[in-house]
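Coordinates in review
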Amino acid sequence: MIELRHEATGYGYSVRAPRSKGVIPPCSYHAGGFETLADGLSDVAQALGGDFSRIYVRLDGYCVGERDVNELRHAPHDVAVALQAACDAKRLLPQQPSSIPLELQDELTAE
């Protein structure tokens, strides 16, 4: 799972490797200081190398789907636009109760 977030002067991301049964481990990798979301996505693709074909993505705390790593590598700007649109759409939805326990929600948004 990749968690992208807007920071004070750009974007950053962290990588988590959730296990089965909803256990969410601490962040295993963190990078930041990217000027644009597309720059961060390019770094994600490079950091993941060829180990993963698809990744689950969260942006600014919102689940925005799953993407092919090749898309991040070859069209980061297009992916950034799509992810931001999905995030903006979720922000406009009425708040729904989360199925994630509160203690895990806090852990996900703490970074």
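Residues numbered from 1 in each chain as written. Predicted model: local features only at pLDDT ≥ 70, side-chain atom pairs only at ≥ 80, totals over all residues. Heavy atoms only, no water.

1. Comments concerning the overall build of the protein chain
Our working rule: Where helices and strands are cited, they refer to DSSP runs of H or I of at least four residues and of E of at least two residues respectively, numbered from the N terminus. Each residue's exposure class comes from its accessible area (1.4 Å probe, protein chains only) as a fraction of the maximum for that residue type: buried when under 20%, exposed when over 50%, partly exposed otherwise. In short, Shrake-Rupley with a 1.4 Å probe defines the accessible areas, and a residue's cover is counted only from the protein chains shown.
What the protein chain contains, in helices and strands, is 4 helices and 5 strands. Secondary structure elements in the protein chain, listed N-terminal to C-terminal, are β-β-β-α-β-β-α-α-α. Taken across its 111 residues, the protein chain has 34% of its residues classed as buried. Carbon and sulfur atoms make up 55% of the accessible area of the protein chain, which totals about 6,700 Å².

2. A word on the pairing of strand S5 (residues 62–68)
Keep this limit in mind: Between any two strands, pairing holds if DSSP finds at least two bridges.
Bridge count for strand S4 (residues 54–59) against S5 is 6 bridges, and the pairing is antiparallel. Along S5, the bridge assignment pairs Tyr 56 with Glu 66. Hairpin connection from S4 to S5: 2 residues lie between these consecutive antiparallel strands, with Asp 60 at a positive phi of about 50°.

3. Here we look at the pairing of strand S1 (residues 2–7)
Remark: a regular strand shows side chains that alternate across the two faces of the sheet. Two elements, S1 and strand S2 (residues 10–15), share 6 bridges in a ladder whose sense is antiparallel. Across the sheet, the residue bridging to Arg 5 is Gly 12, located in S2. Hairpin connection, S1 to S2: the antiparallel pair is bridged by 2 residues. Sheet topology places S1 next to S4; 3 bridges connect them, and they run parallel. The partner of Leu 4 across the bridge, within S4, is Leu 59.

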